[in-house]
Structure formats: structure tokens, C-alpha cells
Amino acid sequence: TQLLEQSPQFLSIQEGENLTVYCNSSSVFSSLQWYRQEPGEGPVLLVTVVTGGEVKKLKRLTFQFGDARKDSSLHITAAQPGDTGLYLCAGPKTSGSRLTFGEGTQLTVNP
Amino acid sequence: EAQVTQNPRYLITVTGKKLTVTCSQNMNHEYMSWYRQDPGLGLRQIYYSMNVEVTDKGDVPEGYKVSRKEKRNFPLILESPSPNQTSLYFCASSPLWSGVTYEQYFGPGTRLTVT
């Protein structure tokens, strides 16, 4: 079973702080995706990482795919209240056309 | 505007009363899927469809049915709802040109309560 474990589960920080959330697995994934979900809405895709060691930047968000393609991290620089939300990682199962999701990291950025 | 729509957004029903949650996408995506989201369990896939008339079970298909008669629509059917199906449901679609990544575009969700 391909599981994705996210840590921490909950994170509450002050505006302006930096943070990193993690998505780990014992299995190799061909790619990993990161989504952000705000209350009352569906998850929204932020980024997909495909190549081991890949780093992608989206404004203040930096995503990294582990060299072995078993883990990924999301780093936010100078967090803002608008970054508040549930961050989910997901990856396609080797069986084919199905996705597995991590349980998410609930981030709260206080003004 | 490219989007996935779901209806209804909120539904309270009683045990055993058949219901259908509709899902429609206007992006011409081949792949569509249903998920349920529960506290502590995350997002779990119920059913998915690779194209018209092609559907397959996800991780938690028991108690649900789906159909894909048109490319844009993928309704979720609960023939005899039970309280353990109380959950937040999301429909999602994905273009198959995204290859093996299956990047999902989610609808706004349907909060279902079965009493």
C-alpha cells in the first residue's frame, strides 16, 4: 500500500515566519502534487513535481521532490494570513490511474 | 470559466432514501473522480472514470454507484444511504494529457448528512 504521511498535522505561526511541511513515503512515486484547501472549498492544485531532486518555486512557496522520489517538502517564506489552509500532498499509485492523498497539514498564520 | 460544479452543496437526508449528487465539468477532461473527506482520514477515492462508459472502483466504493454516460457528467448515486456515509464529497476531473500525474481539478464540495 502506498501511503503518504504528512507532518506536522497542525501548525500555527505568526505572520512573517518561515515554515516547512513534509510529505513522506516508504514507496517511490512517479510524481507528487501539492494542493491547498481553504474552508468550504475544494483543494486547488499548487504544483506537480516529477523529477527526483526537482525544486519548484511559486512566489514565496518552494517545493522540493526528494532525490529518491519518496518524499517532498513545501517551504513557505515570510508566511502571510492568506497562506492559511490545509496543505495536501498526493501521488499516483503504481497500479495506475488512482491517486493517494496524505492527511494534510493544517496551517494557521496569525496576523 | 473552467470549472467543476457539484449539486447540491448541502444535503440532509434520512437513512435509506436514494439520492444523487451531480457533477459536471466544462474542461473536456477525460478523467473524473469522486472523493470523500473525513476528519483524520483525509481524502479517499470512491470511484473514478477514465472516459465515457469506463468506470472503476477506488479505495472506498461500498455503498456508492456512478455512471459516465456523457464526458462532462459524473453523478454519484447512493442507493440506500446510511449514517456512515455522512461526509464531505468532492468531484474532480483531470486531463489525461497530464500523463501519469493525474492533476485534479476539484469541485466546491457537497456536505452530506444522513440521519
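Notes on the structure follow. (Residues numbered from 1 in each chain as written. Chains lettered and ligands numbered in written order. Predicted model: local features only at pLDDT ≥ 70, side-chain atom pairs only at ≥ 80, totals over all residues. Heavy atoms only, no water.)

### Thoughts on the sheet that holds strand E3 (residues 19-24) of chain A
All names here are of chain A. We count it as follows: Any two strands between which DSSP finds at least two bridges are classified as paired. Counting from the N terminus, the helices are DSSP H or I runs at least four residues long and the strands are E runs at least two residues long. Inter-axis angles, ranging from 0 to 180 degrees, are taken between N-to-C directions of lines fitted to C-alpha atoms, where helices are fitted over the stretch in contact.
The 5 strands lie next to each other as E1-E3-E8-E7-E6, forming an open sheet whose pairing is antiparallel. Two strands lie at the open edges of the sheet, namely strand E1 (5-7) and strand E6 (55-58), each paired on one side alone. Mean inter-strand twist for the sheet, computed between neighbouring axes without regard to direction, equals 15°.

### Some thoughts on the packing of aromatic side chains
Residues and elements named next belong to chain B. In plain terms, the rule: Stacked, tilted and edge-to-face are the three classes applied to pairs of Phe, Tyr and Trp rings, where Trp contributes its six-membered ring and a pair requires centres within 6.5 Å; stacked means planes under 30 degrees apart, edge-to-face means over 60, and tilted covers the rest. Burial classification: accessible surface area is computed with a 1.4 Å probe over protein chains only, and a residue below 20% of its type maximum counts as buried, one above 50% as exposed, and the rest as partly exposed.
Counted according to the given criterion, the structure contains 9 aromatic pairs over all chains. Ring plane angle 45° and centroid distance 5.6 Å describe the contact between Tyr-35 and Phe-106, whose orientation is recorded as tilted. Placement of the pair is Tyr-35 in strand E4 (residues 31-38) and Phe-106 in strand E10 (residues 105-106), with a sequence separation of 71 residues. One exposure class covers both Tyr-35 and Phe-106, and it is buried.

### Side note on the interface of chain A and chain B
The cut-off we apply is this: Whether two residues are in contact is decided by their heavy atoms, any of which lying within 4.5 Å being enough. Buried area, as used here, totals the accessible surface that two parts lose on assembly, with accessibility defined by a 1.4 Å probe and the loss added over both. Take a side-chain nitrogen of Lys or Arg and a carboxyl oxygen of Asp or Glu: if they are within 4 Å of each other, that pair is a salt bridge. Any pair of nitrogen or oxygen atoms within 3.5 Å is treated as a polar contact; in protein, a donor-acceptor pairing is required on top of that, and neighbouring residues in sequence qualify only through side-chain atoms on both sides. When residues are grouped by polarity, Ala, Val, Leu, Ile, Met, Phe, Trp, Tyr, Cys and Pro land in nonpolar, Asp, Glu, Lys and Arg in charged, and all others, Gly among them, in polar.
With 22 residues of chain A at the contact, the number on the chain B side is 23 residues. Both faces considered, chain A and chain B share a buried interface measuring about 1700 Å² in area, 52% of it formed by carbon and sulfur atoms. Summed over the shared surface of chain A and chain B, the result is 1 salt bridge. Across the salt bridge formed by A:Arg98 and B:Asp59, the nearest N and O atoms sit 2.2 Å from each other. Taken together, chain A and chain B are joined by 5 residue pairs in polar contact (both at pLDDT 80 or more). The residue inventory of the side of chain A that touches chain B, partitioned by class, reads 9 nonpolar, 9 polar and 4 charged.

### With respect to the layout of surface pockets
To keep things clear, this is the line we draw: Only protein atoms enter the 1 Å grid used here, on which a cavity is any set of points holding a 1.4 Å probe that cannot leave and a pocket is any open set flanked by protein within 12 Å on both sides along at least five of seven lines; residues with an atom within 4 Å of a point are listed as lining. Grid points are joined across faces, edges and corners, and a volume is the space filled by probe spheres set on the points.
Space inside the largest pocket adds up to approximately 450 Å³. Lining the largest pocket are 20 residues, and of these A:Leu86, A:Gln106, B:Gln37, B:Asp38 and B:Pro39 sit closest to its centre. Those elements that provide at least two residues to the lining of the largest pocket are E4 and strand E9 (87-94) of chain B. Taken together, the residues that form the lining of the largest pocket break down as 6 nonpolar, 10 polar and 4 charged. Taken as a whole, the second largest pocket spans an internal volume of roughly 330 Å³. In terms of lining residues, the second largest pocket is bounded by 20 residues, among which A:Leu3, A:Leu4, A:Phe101, A:Glu103 and B:Leu41 are the most central. Breaking the lining of the second largest pocket down by element, the ones donating at least two residues are E1 and strand E10 (99-101) of chain A together with strand E5 (42-51) of chain B. Per-element accounting of the lining of the second largest pocket gives the leading share, 4 residues, to E5(B). Of the residues that constitute the lining of the second largest pocket, the class distribution is 6 nonpolar, 9 polar and 5 charged.

### Quick notes on the side chain of A:Asp83
Residues and elements named next belong to chain A. Within the fold, Asp-83 resides in the loop between strand E8 (71-76) and strand E9 (85-92). The exposure class of Asp-83 is buried, given its relative accessible area of 4%. In terms of polar contacts, Asp-83 uses its side chain to reach the side chain of Arg-60, at 2.9 Å. The contact partners of Asp-83, leaving out residues within four places of it in the chain, are Arg-36, Arg-60, Ile-76, Leu-107 and Val-109.

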